[in-house]
Amino acid sequence: MPLRCISSEGDELSFEHDADSWAALRERNSRERHLRFTCCAAVVILKTSSLGTRYFAHQARGGCDTAPETQEHLRAKTIICKALKDAGWIATPEHRMTDADGVCIADVLGKRVADAQKGIAFEVQWSPQLSEITKARTDRYTVHGLRSLWLMKRPMPLNSKDVPVARLVSTDDGFDVYIPSEALVRGAEYMSSREIADLDASWRRCGTLADFVRGAVEGRFRFGIASEFDIRVTVGGVANWCYACGAESQPATWIVLDLGHLNPDFPNIFVEIHELGEVEGSLADRILETINARLPNIGNYRLAHRKPKESSATYLANVCRCGAFLSRSYIPHPSDKDRVLLEFGLNTGPGELKPFYEVLDRWNFIDPANPPSKRMLGMHGFGIPRFTFSQLQASTSAADGPLGKVRHTSYSDAEADQGNVRRGGATVRKPMFVSFTRETSI
Ligand SMILES: [Zn+2]
Ligand SMILES: [Zn+2]
C-alpha cells in the first residue's frame, strides 16, 4: 500500500494530492493506465483509507514481495512526507535499496537536497519488533549512508545512541511522539512492562509527529549532554533572623541547577547548601563566588566554611555580618515556605558539571517554545524529599539593594505574607521554575 508510484513523467506521490487532484488522477489512470509500481507489474489503483490517507494499491497482489501496511503505518508515513516537504526537504516514500542481502525498503527517505549523499531513513514500526532486528536494520541503512530514525508503537531499544527510537502514539488527528523520561532512562531495568508503557510516568511528549520530524531535520533531536551550555542557578532560602545581633536575615538553604535549553531532557539538580560546600571543582567555586557577591545584600548572610565548637569538621554555613553563623541543625528542611533569593546564569560544560551530576546520557528534543517540565534529582542522582513550591516567590528581582523591611517573627507570619518580601517599589516576579511540580525521586 504505497504512497508512491511512477509514470513516464516521474514519481507520483499520493501525499501531494488534495481530493480534487486525486479524483482527477484516478480518472486519468483508469483511462490511460499510466501509473506503475517499482516493486512489481501489478495494476495500480487509487484508494483512500478509513483514516483519510490517500494511497496507491495493488489491484491484485500476485507475486509482489512488499508487505501489506496498516492504516496507521500509511498515515504516519504520509505525515512524515508532508512534514519533510514543509521543512524544504525531499521526501521519498518506499525508498528501495539493493545490497548483498537483497532489497530493503526505507519507509521514507528524507534528504535535504535531491543529490545529497546522506539522508535520514524514517521507519514507522507499528507491530512489535525485537531490539536486535531494529539494530540490524539500522546497521543496514548505515551502510547505505543513511541515519535512521525509528518511530514505534512499542519502542525497542529504549535509549540507544546508535539506534534512535521514539514512541508513536495515535491521536484523533494523527500521532504524538514521546521519548523516555528521566524515570525510564534511569529505571527501565527495574520496571515492569506496564510501568515502562505508562505514558504519563515514563515518557515525555515532544509534540506531534510533524513537530518531531521538523525538529529532527533541524538537528534538535540529539543524544547526550551539550558540549557547552548555559545553566540557570536558583538559590533558595528562608526568612530568619540572626540569634546574635537580631538582624533580619534570609539564609540560603539550597540551590537548583537547571541545565538549560540545550539539555531539556536532563533533570534539574537539587543541592543543599552544606552539600555545595562538599563539592569540589571550579563550577562549585564559581557558584559560591556569585552567591557571595549578592547574598549579603539580600539575606544579610554570606556563605563560608565554619567549624562548630562541638565538631572537628567544617561545613558551608550562612555567616552573619556580625560573625555569628547559622548552624546546620537550625536550617529547616526544604518546604514550600522557602523563597527564591537569587537567580543567575553561568556558562559551563560536562566536565565542570561532573562533580554535581554523573551524566546519564539520553536523547533530548530541543524545543525552546515547548520545554518539558523537569524532574528534580539530588546530587549524583539521589532522590530528594517531596516538596512543592506553589507559594514560592522571588524576593529579589530588580536589584540587589539593601534588605527591605521584612516583618516576620515566625513561619506562620511568613505564610500569611504568602512568602512575599515587601521591598520599596520592587516588583516581585515569579521565577520560571516555580511552576514545576517537584516529584519524589525515583
Ligand atoms: Zn508490488
Ligand atoms: Zn548577626
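Here's a quick rundown of the structure. Since this is a predicted model, take the numbers as computed values, not measurements.

Procedures and definitions
- Residues numbered from 1 in each chain as written.
- Chains lettered and ligands numbered in written order.
- Predicted model: local features only at pLDDT ≥ 70, side-chain atom pairs only at ≥ 80, totals over all residues.
- Heavy atoms only, no water.
- Helix = DSSP H or I, 4+ residues; strand = E, 2+ residues; numbered from the N terminus.
- Buried < 20%, exposed > 50% of the residue type's maximum accessible area, 1.4 Å probe, protein only.
- Contact = heavy atoms within 4.5 Å.
- Areas by Shrake-Rupley, 256 points an atom, 1.4 Å probe, with all protein chains shown as cover.
- Donors = N, O, S within 2.8 Å, 3.2 Å for Na, K, Ca; no water.
- Tetrahedral: all angles 85-135°; square planar, octahedral: opposite > 155°, others 65-115°.
- Pairing = 2+ DSSP bridges.
- Axes fitted to C-alpha atoms, helices over the stretch in contact; angles between N-to-C directions.
- Core = buried A, V, L, I, M, F, W, Y, C linked by side-chain atoms within 4.5 Å.
- Lys, Arg positive; Asp, Glu negative; His and termini not counted.
- Salt bridge = Lys/Arg side-chain N within 4 Å of Asp/Glu carboxyl O.
- Polar contact = N/O pair within 3.5 Å; in protein donor to acceptor, adjacent residues only side chain to side chain.

### A look at the overall build of the protein chain
- Looking only at helices and strands, the protein chain features eleven helices and 23 strands.
- Per-residue burial over the protein chain gives 51% buried out of 442 residues.
- Long-range contacts, defined as pairs at least 24 residues apart, comprise 66% of the intrachain contacts of the protein chain with a sequence gap of at least 6.
- As displayed, the protein chain offers around 21,100 Å² of accessible surface, 50% of which is attributable to carbon and sulfur atoms.

### A word on the coordination of the zinc ion (ligand 2)
- At the metal site, the zinc ion (ligand 2) is ligated by Cys242 (SG), Cys245 (SG), Cys320 (SG) and Cys322 (SG), and these contacts range over 2.3 to 2.4 Å.
- The site at the zinc ion (ligand 2) holds four donor atoms, and with the angles between them running 105 to 114°, its shape is tetrahedral.
- Counting residues between consecutive donors of the zinc ion (ligand 2) along the chain gives the motif C-x2-C-x74-C-x1-C.
- Classification of Cys245 as partly exposed rests on a relative accessible area of 42%.

### Side note on the pairing of strand β5 (residues 90–99)
- Summarising the sheet, β5 and strand β6 (residues 102–111) pair through nine bridges and their orientation is antiparallel. By the bridge assignment, Met97 is partnered in β6 with Cys104.
- Taking the residues that link successive antiparallel strands as the turn, the β5-β6 hairpin has two residues.

### A look at the coordination of the zinc ion (ligand 1)
- Each protein donor to the zinc ion (ligand 1) is listed here as Cys39 (SG), Cys40 (SG), His58 (NE2) and Cys64 (SG); together their distances run 2.0 to 2.3 Å.
- Each of the four donor atoms bound to the zinc ion (ligand 1) contributes to angles spanning 100 to 121°, and the resulting shape is tetrahedral.

### A closer look at unusual backbone geometry
- Pro157 follows Met156 through a cis peptide bond whose omega is -5°.
- Relative to the helices and strands, Pro157 resides in the loop between β8 (146–152) and β9 (165–171).
- The backbone of Arg33 sits at a positive phi, close to 55°, despite the residue not being glycine.
- Relative to the helices and strands, Arg33 resides in the loop between α1 (19–32) and β3 (44–48).
- Phi at Asn300 is positive, roughly 75°, even though this residue is not glycine.
- As for its placement among the helices and strands, Asn300 is situated in the loop between α9 (282–299) and β18 (301–306).
- Asn300 sits in the buried class, given a relative accessible area of 14%.

### A look at the sheet that holds strand β23 (residues 376–378)
- Strand order across the open sheet formed by five strands is β21-β13-β16-β17-β23, with mixed pairing between neighbours. A single partner strand is all that each edge strand has here, and the edge strands are β21 (339–348) and β23. Strand-to-strand twist in this sheet, taken as the mean axis angle between neighbours without regard to direction, amounts to 25°.
- Relative to β21, α9 is tilted by about 145°, and along the sheet it contacts β13 (229–237), β16 (252–258) and β21.

### A closer look at the nonpolar core
- The biggest cluster of nonpolar side chains holds 39 residues, and the ones touching the most others in it are Ile255, Leu257, Leu276, Ile287, Ile291, Leu353 and Phe356.
- Of all elements in the fold, only β13, β16, β17 (268–272), α8 (273–276), α9, β18, β19 (315–320) and β21 reach the threshold of two or more residues within this core.
- A per-element tally of this core places α9 first, with seven residues.
- The residues touching Ile255, leaving out its near neighbours within four places in the chain, are Val233, Thr234, Val235, Ile269, Phe270, Val271, Ile273, Leu276, Ile287 and Ile291.

### Points about the side chain of Arg167
- With respect to the helices and strands, the residue Arg167 is situated in strand β9.
- Summary of buried charges: Arg167 has no salt-bridge partner, and the nearest side chain of opposite charge, Asp198, is 7.4 Å away.
- At 2.9 Å, the side chain of Arg167 and the backbone oxygen of Ala197 are in polar contact.
- Setting aside chain neighbours within four positions, we find Arg167 in contact with Met152, Lys153, Pro155, Asp176, Val177, Tyr178, Ile196, Ala197, Leu199 and Trp203.

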